[in-house]
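Inside the fold
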Amino acid sequence: MEAVQLFLNINKPGLNNEWNTKITEELKALPSVEQLQIIEENEHCNAQISMSYRVAELSINEIEKVVKDSGANITDINIHLLTSVTGIADPYSASAVSMTVNEKLANIDGVLSSAISSRGELKVVLDTESSNKQTVIDETLKTFSTIRFGNPYHIYKNKKS
């Protein structure tokens, strides 16, 4: 599986200059982390972690543990998964696909919301209180793979008049 993008909003422990360096080292040491960026707000305890990793090789639970062990608290989890759905070129088609995706993924405990972009990215907001976020991601991928999308513009070849 290709890399997924994970976006975490966090409340970090105080105004600690060493926190960023330490958590960067620990997250980079995890297997399959490809890109990592940590942005701290000046004079605040808020930060954002943006990273790419291969979901088949690294559990989000391990990432969450590193963040929690640093003394930070995750306040928002947003994950972007690449899918085989591409070529949704107009807002009507994108919204039609999004409705199907939202309907199916709403049944997964731990998924707060979802959408699919016109580039085929499945965007999912996870519940930070979920006890096993990796199970939520696995269930999301499994459910999404069973959704069938038809062409909203039915083009018939060799149509007889």
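Notes on the structure follow. Fair warning: this is a prediction, and the values are worked out from it, not measured in the lab. (Residues numbered from 1 in each chain as written. Predicted model: local features only at pLDDT ≥ 70, side-chain atom pairs only at ≥ 80, totals over all residues. Heavy atoms only, no water.)

1. Description of the sheet that holds strand β3 (residues 46-54)
Picture the strands of a sheet paired through backbone hydrogen bonds; they go either parallel or antiparallel. Spatially, β2-β3-β1-β4-β6-β5 is the arrangement adopted by the six strands of the open sheet, whose pairing is antiparallel. Two strands bound the open sheet, and with one partner strand each, they are β2 (33-40) and β5 (111-116). Between one strand axis and the next, the sheet turns by 15° as a mean value, whatever way the strands run. Alignment of strand β1 (residues 3-11) against strand β4 (residues 73-82), held across seven bridges, turns out to be antiparallel. Residue pairing for β4: Asn-11 is matched across the bridge by Asn-73. Here helix α1 (residues 17-28) sits on the sheet and contacts β1, β2 and β3; the angle it forms with β2, its principal contact strand, is near 165°. Along the sheet, helix α2 (residues 60-69) contacts β1, β3, β4 and β6 (121-126); its crossing angle with β1, the most-contacted strand, is approximately 30°. (Pairing = 2+ DSSP bridges. Helix = DSSP H or I, 4+ residues; strand = E, 2+ residues; numbered from the N terminus. Axes fitted to C-alpha atoms, helices over the stretch in contact; angles between N-to-C directions. Contact = heavy atoms within 4.5 Å.)

2. A closer look at the nonpolar core
Among the nonpolar cores identified, the biggest contains 37 residues, and Leu-6, Leu-8, Ile-10, Leu-27, Ile-49, Tyr-53 and Ile-63 are the most heavily contacted of them. Setting aside its immediate chain neighbours within four residues, Leu-8 contacts Ala-47, Gln-48, Ile-49, Ile-63, Val-67, Ile-74, Asp-76 and Ile-77. (Core = buried A, V, L, I, M, F, W, Y, C linked by side-chain atoms within 4.5 Å. Buried < 20%, exposed > 50% of the residue type's maximum accessible area, 1.4 Å probe, protein only.)

3. Thoughts on the side chain of Thr-24
Along the chain, the position of Thr-24 falls in helix α1. Here Thr-24 falls in the buried class, since its relative accessible area comes to 19%.

4. Here we look at the pairing of β4
Moving residue by residue along a regular strand, the side chains alternate between the two faces of the sheet. Relative to β6, β4 runs antiparallel, the two sharing six bridges. Its bridge partner being in β6, Ile-77 is matched across the sheet by Leu-126.

5. Looking at the pattern of salt bridges
Applying the stated rule across the entire model yields seven salt bridges. For Lys-12, the salt bridge is made with Glu-40, and the minimal N-O distance between the two is 2.8 Å. Here Lys-12, found in the loop between β1 and α1, pairs with Glu-40, found in strand β2; they are 28 residues apart in sequence, far enough to count as distant. A relative accessible area of 5% means that Lys-12 is categorised as buried. (Salt bridge = Lys/Arg side-chain N within 4 Å of Asp/Glu carboxyl O.)

6. What to know about unusual backbone geometry
Even without glycine at this site, Ser-32 takes up a positive phi of about 70°. With respect to the helices, strands and loops of the structure, Ser-32 is situated in the loop between α1 and β2.

7. Points about helix α4 (residues 133-146)
A rise of 1.5 Å per residue sets the reference length of α4, with its 14 residues, at 20 Å; its end C-alpha atoms lie 20 Å apart and thus fit the reference within 8%. Of the residues making up α4, those classed as buried are Lys-133, Gln-134, Val-136, Ile-137, Thr-140, Thr-143 and Phe-144. Of the residues that open α4, the one with a side-chain oxygen 3.2 Å from the backbone nitrogen of Gln-134 is Asn-132. (Expected span 1.5 Å × (residues − 1). Polar contact = N/O pair within 3.5 Å; in protein donor to acceptor, adjacent residues only side chain to side chain.)

8. Overview of the packing of α1 against α2
α2 packs onto α1 with a crossing angle of 160° between their chain directions and a minimal axis gap of 10 Å. Viewed along their axes, α1 and α2 adopt a mutual orientation that is roughly antiparallel. Along this stretch, α1 crosses α2, giving a crossing that reads as right-handed. Where α1 abuts α2, its residues Ile-23, Glu-26 and Leu-27 lie against Ile-63, Val-66 and Val-67. Of the residues that constitute the contact of α1 with α2, the class distribution is five nonpolar, no polar and one charged. (Parallel < 35°, antiparallel > 145°, perpendicular 65-115°, else oblique. Left-handed = near helix turned anticlockwise from the far one by under 90°. Nonpolar A, V, L, I, M, F, W, Y, C, P; charged D, E, K, R; others polar.)

The values reported here are purely geometric and, on their own, carry no functional implication.
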